[in-house]
Amino acid sequence: MSFFNITRRRLCNGVVLSLMCTACTGLQAQVVEGNGIVVVVKRGIELTPLTTDQVARIFLGLSDTLPNGGTVIPVDAPESSVLYQDFYSKVLGKSVAQIKAYRARQSFTGAGIPPRQIASLAQAFKQDFAGPTVMTYTRKRELDDQWSIVLETGK
Amino acid sequence: MATLRLTLLKPAIWLSSQLNFALKYWTLGLGIALVGAYLSSPLFHQIHSTIALATLQGSGVQILTRHNQLLIQLVNLRAELATRESPAYAQESGAVKTAIEGMVRDAKSTEEKKLSKLLERTWTHISTTGTEESLDKRFAAFNAATHTLHALSRETARNYRLNLDPDLDAAFDIIAIYLPAVIDSTSKQDHVIQWGIASMAGFVASEQMNLDEASSTLLSGVNQVLLQRNGRGLSQSVQVEKPKESSPANYGSGGFMDENLQKLLSGLRQQQDAVDQVNTTTGAESVAAKRTLHAIAQSNLRSAQLLLEESTRAAYVIIDERIAGLKIDRIRLIGALFVSGFLIAYLLYAFYIGVIKSINALSRGTNSFCAGQRDVRIKLKSRDELSLVATNFNTMAQEVERLVQLIEEQNQTRERDLKVLVDALGLKNEELYTVNQRVHEELNLARSVQLAILPNQFPDEPTWAAHACMHPARELGGDFYDCFALPDGRYGVLVADVSGKGVGAAFFMAVSRTVLQDSALSVRTPSEMLAIANDLLCSRNPMDLFVTACYGLFDPKDGSFEYASAGHHPPMVRRTTGSVEVLPTTNDMALGVLQGMEYQEHRTCLYSGDTLLMYTDGVTEAFSPQEIAYGEKRLLSWFADSPTQCAASSLVDALVSDVARFVDGAEASDDLTCLILCNKRPSEQDLDCIV
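Worth saying up front: this structure is predicted, and the values here are computed from it rather than measured.

Enquirer: Which parts of the structure should I look at to understand the overall build of chain B?
Expert: Helices and strands together make up the secondary structure of chain B, namely 15 helices and 10 strands. Sorting the 691 residues of chain B into buried and exposed places 34% on the buried side.

Enquirer: Can you help me understand the overall build of chain A in this one?
Expert: Counting its regular elements, chain A contains 5 helices and 5 strands. The order of helices and strands in chain A, counted from the N terminus, is α-β-α-β-α-α-β-α-β-β. Here chain A, with 155 residues, has 35% of them falling under the buried criterion. By sequence separation, contacts in chain A at least 24 residues apart represent 77% of the contacts at least 6 residues apart.

Enquirer: Any chance you could explain the sheet that holds strand S9 (residues 611–615) of chain B here in plain terms?
Expert: Think of a sheet as strands paired side by side through backbone hydrogen bonds, with each pair either parallel or antiparallel. Residues and elements named next belong to chain B. Strand order in the open sheet formed by 5 strands is S1-S10-S9-S6-S7, with antiparallel pairing between adjacent strands. This sheet does not close on itself; its edge strands, each paired only once, are strand S1 (464–471) and strand S7 (580–582). In this sheet, adjacent strand axes meet at a mean angle of 15° when their direction is disregarded.

Enquirer: Where do I start with the packing of helix H5 (residues 135–160) of chain B against helix H6 (residues 166–195) of chain B in this structure?
Expert: The relative placement of two packed helices comes down to the angle between their axes together with the axis-to-axis distance. Residues and elements named next belong to chain B. Direction vectors running N to C along H5 and H6 enclose 170°, while the axes themselves pass 9 Å from each other. As judged from the angle between their axes, H5 and H6 are roughly antiparallel. Across from Leu135, Phe139, Asn143, Thr146, His150, Ser153, Arg154, Thr156 and Ala157 in H5, the residues of H6 making contact are Phe172, Asp173, Ala176, Ile177, Pro180, Ala181, Asp184, Lys188, His191 and Trp195. In terms of residue class, the contact of H5 with H6 is made up of 9 nonpolar, 6 polar and 4 charged.

Enquirer: How should I be thinking about the interface of chain B and chain A in this particular structure?
Expert: For interface size, the figure often reported is the accessible area lost on association. Taken residue by residue, the interface counts 19 residues in chain B and 15 residues in chain A. Elements supplying a minimum of two residues to the side of chain B that touches chain A: H5, H6 and helix H7 (201–232) of chain B. Top contributing element to the side of chain B that touches chain A by residue count: H5(B), with 9 residues. Looking at the side of chain B that touches chain A residue by residue, the classes come out as 9 nonpolar, 7 polar and 3 charged.

Enquirer: Looking at this model, I keep getting lost on unusual backbone geometry. Mind explaining?
Expert: One can expect most non-glycine residues to show negative phi and most peptide bonds to be in trans. Residues and elements named next belong to chain B. The backbone phi angle of Asp544 is positive, close to 55°, even though this residue is not glycine. Overall, Asp544 belongs to the exposed group, with 10 C-beta atoms counted inside 10 Å. Here the phi dihedral of Glu627 falls at roughly 65°; this positive angle occurs in a residue that is not glycine. By the element assignment, Glu627 lies in the loop between helix H13 (617–620) and helix H14 (631–641).

Enquirer: What exactly am I supposed to notice about the pairing of strand S2 (residues 72–76) of chain A here?
Expert: The two faces of a sheet get side chains in turn, since along a regular strand they alternate between them. All names here are of chain A. Of all 5 residues making up S2, 4 are buried, and the element is well covered by its neighbours. Bridge analysis of S2 against strand S4 (residues 133–139) gives 3 bridges, and the strand direction is parallel. Paired with Pro74 across the two strands is Met135, which belongs to S4.

Enquirer: Any chance you could explain the sheet that holds strand S4 (residues 547–555) of chain B here in plain terms?
Expert: Residue and element names in this part refer to chain B. Ordered by their spatial adjacency, 5 strands build an open sheet running S2-S3-S4-S5-S8, and the pairing between neighbours is antiparallel. This sheet does not close on itself; its edge strands, each paired only once, are strand S2 (479–485) and strand S8 (602–605). Neighbour-to-neighbour, the strand axes of this sheet turn through a mean angle of 15°, independent of strand direction. With 4 bridges connecting them, strand S5 (residues 560–566) and S8 associate as antiparallel partners. When the bridges of S8 are listed, Phe561 appears paired with Thr604. Packed on one face of the sheet, helix H11 (residues 502–522) meets S2, strand S3 (491–498) and S4 and runs near 155° to S3.

Enquirer: Help me understand the nonpolar core, please; the structure alone is not making it clear to me.
Expert: Side chains that are nonpolar tend, in soluble globular proteins, to be buried together. All names here are of chain B. With 74 residues, the main nonpolar core has Ala145, Ala171, Ile174, Ile175, Leu179, Val182 and Ala315 as its most contacted residues. If we skip the residues at most four places from it in the chain, Ile174 touches Leu179, Leu218, Gly221, Val222, Val225 and Ser311. Met529, Val547, Ala549 and Leu591 belong to the second-largest nonpolar core, a separate cluster that totals 64 residues.

Enquirer: What exactly am I supposed to notice about H6(B) here?
Expert: In an α-helix, one turn spans 3.6 residues; hence positions three or four apart end up facing the same way. Residue and element names in this part refer to chain B. Its 30 residues give H6 an end-to-end C-alpha distance of 42 Å, which sits within 8% of 44 Å, the value for a rise of 1.5 Å per residue. Burial of H6 is extensive: 26 of the 30 residues sit out of reach of the surface. Backbone geometry just after H6 places Gly196 at a positive phi near 65°.

Enquirer: Teacher, can you tell me more about the pairing of S1(B) here?
Expert: All names here are of chain B. Of all the 8 residues making up S1, 7 are buried; the element is thus mostly covered by neighbouring parts of the structure. Across 8 bridges, the pairing between S1 and strand S10 (residues 672–679) is antiparallel. The residue bridging Trp464 from the neighbouring strand is Asn679, located in S10.

Enquirer: Please clarify how helix H9 (residues 283–370) of chain B should be interpreted in this entry.
Expert: Between the first and last C-alpha of H9(B) there are 128 Å, a value that for 88 residues agrees with the 130 Å anticipated at 1.5 Å per step. Remark: B:Gly372 follows H9(B) within two positions and exhibits a positive phi of approximately 115°.

Enquirer: Got a minute to help me understand the packing of helix H4 (residues 96–109) of chain A against H5(B) in this structure?
Expert: Two numbers describe how H4(A) lies on H5(B): the axes approach to 6 Å, and their chain directions differ by 50°. Judged on the interaxial angle alone, H5(B) and H4(A) are oblique. In this structure, H4(A) uses A:Ser107, A:Phe108 and A:Thr109 to contact H5(B), whose residues at the interface are B:Asp136, B:Phe139, B:Ala140, B:Asn143 and B:His147. Across the contact of H4(A) with H5(B), the residue classes tally to 3 nonpolar, 4 polar and 1 charged.

Enquirer: How should the confidence of the model for chain A be read in this particular structure?
Expert: The predicted coordinates ought not to be read in detail in places where the model reports low pLDDT. All names here are of chain A. Taken as a whole, chain A shows an average pLDDT of 76; of its residues, 74% reach a score of 70 or greater. The least confident element of chain A, judged by mean pLDDT, is helix H1 (residues 2–25) at 43; the most confident is helix H2 (residues 52–59) at 91. When the criterion is pLDDT under 50, residues 1–33 qualifies, and its contacts beyond four places in sequence or with other chains add up to 44 contacts.

Enquirer: What is the right way to read the environment of B:Ala140 from this model?
Expert: Looking at the secondary structure, you find B:Ala140 in helix H5. On the neighbour-count criterion, B:Ala140 (28 C-beta atoms within 10 Å) is buried. The sequence separation of B:Ala140 and B:Arg78 amounts to 62 residues, and the corresponding C-alpha distance is 9.8 Å. What B:Ala140 contacts, discounting residues up to four positions off in sequence, is A:Ser107, A:Ile113 and A:Pro114.

Enquirer: Would you mind going over the environment of B:Arg661 with me for this structure?
Expert: In this structure, B:Arg661 sits in helix H15 (residues 648–663). When the C-alpha atoms of B:Arg661 and B:Ser624 are compared, they prove to be 8.8 Å apart, with 37 residues separating the residues in sequence.

Reading guide: rules and limits
- Residues numbered from 1 in each chain as written.
- Chains lettered and ligands numbered in written order.
- Predicted model: local features only at pLDDT ≥ 70, side-chain atom pairs only at ≥ 80, totals over all residues.
- Helix = DSSP H or I, 4+ residues; strand = E, 2+ residues; numbered from the N terminus.
- Buried ≥ 20, exposed ≤ 12 C-beta atoms within 10 Å, placed from the backbone.
- Contact = placed C-beta atoms within 7 Å.
- Pairing = 2+ DSSP bridges.
- Axes fitted to C-alpha atoms, helices over the stretch in contact; angles between N-to-C directions.
- Parallel < 35°, antiparallel > 145°, perpendicular 65-115°, else oblique.
- Nonpolar A, V, L, I, M, F, W, Y, C, P; charged D, E, K, R; others polar.
- Core = buried A, V, L, I, M, F, W, Y, C linked by C-beta atoms within 7 Å.
- Expected span 1.5 Å × (residues − 1).
- pLDDT = per-residue confidence, 0-100.

Given below as structure tokens:
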């Protein structure tokens, strides 16, 4: 019966995360004007704008599939950066400590692999991921024309 | 009801009527065979399907075996994260990559394809992640791989677990879920503690709860699969291909598995204690506790692997036993069908032989009886309806024999009587023949006498000629003719026909000829002659016969011809011009009927070249085979076409020949008499004849 208990526990985790994602949806308006965070993919990928819930599921390792059927790989900013803290706190509504605990559980149980952490957008662009689409986030003012916005969380 | 039954059976009755016994029994046997095949085909199909499902389950066990091999490889690689640059690590990595590619290739369901692709991507992430990544992240990547592999194994087990056998389903759960979870959790606890991954330390203790739950489930599952089967004994037969490396020496006994299970459960409890010891100690004690935990974890890992191999073998054995059992069932079914078919064929053939034997006996008996062996009797040993036929035949033969004997006896009696009668008849026949000969001779004599009294010499003068003939229908005739010279130089010609035939008519003809000739000599005219003769014949006619006659007087000096007829055919004259005249006569009474009759007299002239014909009804009433009378018309035609310059005898012969051709051998109905008188005087010497 251990298998069923494990499954039940993982289902509970999923429900909690879903509630977290729903809470994140209401936080979009709190983004500071001009310092907004945008979620981006490489330009040239045809992708309709995503919802906050969809972005949250991707970055929390609950889904790796885009609406167009393609596979996506999330890329995080460095854990120590303000952008990281802002993204998870203002977009996903979770503190860094909560995300750290979530990542630890995820890592131990194998439910997912924490996203790679890249220092800059340019470094993320150079990542050679064969096939899957790279998705990351940045300040809107730092965005260049190599990226397409799939979610804009503030002005 | 009987009519309905006959109507329903009509097609079968018709078919039966068209076939001989051999074909009937062949048809019956074929029908039974078809019904048997039809009824048994679902059983064969069921067995075949179940074997296919069991084989499919065997394939599932093989796939799960590969999954578990991959899991052990991943666990080993995870254990060597710190030394991943070693050659052993690279070699194991290549094997893992090949195994994962095979899983992607062999995935069948959508979920399996999805999970195998995810596993491939995870492995790609692992293989492309260098030491620049933190240990906990690399550890997390391996955990993701094992986690995905668990999900893939569960999906495979779900697809191949066909719920045919509870023991086999339990084995699937052990192989696909419980033991892989124990292997992963046991090693994961050890790895986290040995490497000091602080972020995951809190999960190690909670993982022990998972191990405890897995242990209890594993215990019940193994008990179901192994311990219960030990009571029946594990079969050694192996039909599904199995990994050779998973063949412990004491496989099949069940004891080894039970020992491993107990060892594993005990080890898991020790591992719990060791984890607690690590978490509650510090310094050197903590290091010693970690070392102890590592040793226990390694031992548990080996025990779990051995138990996994043994469980896999047990699953194969269960499948093999099931397939073997199904094949035995199939052989039994085939055997039962074969035996049933043989028994049915044996019975049908025996029935056929029995019936044919009875029929042959009936046929032989019937043939012998028909060939004359009336003492033949048919004896049948059977008790069927054919024996009733044989009994009826014997009864019939007995009755026929009795009747034949009776008939033979009667025949013999009648033959004897007949012989007596035939002998008597022979004597009578001889007498009759003698009498007949005598009568015949006398009749011939009478015929000769009759013909002798008729003139056979006829006048054939230079100026005229006469000729006549008479052909009786029987030995004696009633016709007659005469041609005689009178004292005054004239010639009397006569044709007469006595009524009736035979001896009486012949006698009356002789009397009539004498009377007529005597009368002709005593008078001068034909009418007087006929009147006198009539009176004389009437007085001498006790048998009431009568005579028709035509009598004429020809005077060669002037060619005159005076004639009178007593009920006779009128004479004919063919003139030199070729025309034929039927001379006029009066319907006077025949001679011998009434006395005192008077007769009319007629006169004509026969000129140069004229021919006179006098005849009886034997000419005109001669009948052909088609019953057609020669007739007066045909006679007139012949007379008109006859030669004008021929002798009287030739004309008589020609007329007789023409009548003979006409009757064409048919029996003559009456005497035939004709008389021809020709005036041969040249025309320049023609005298004046006054009619």
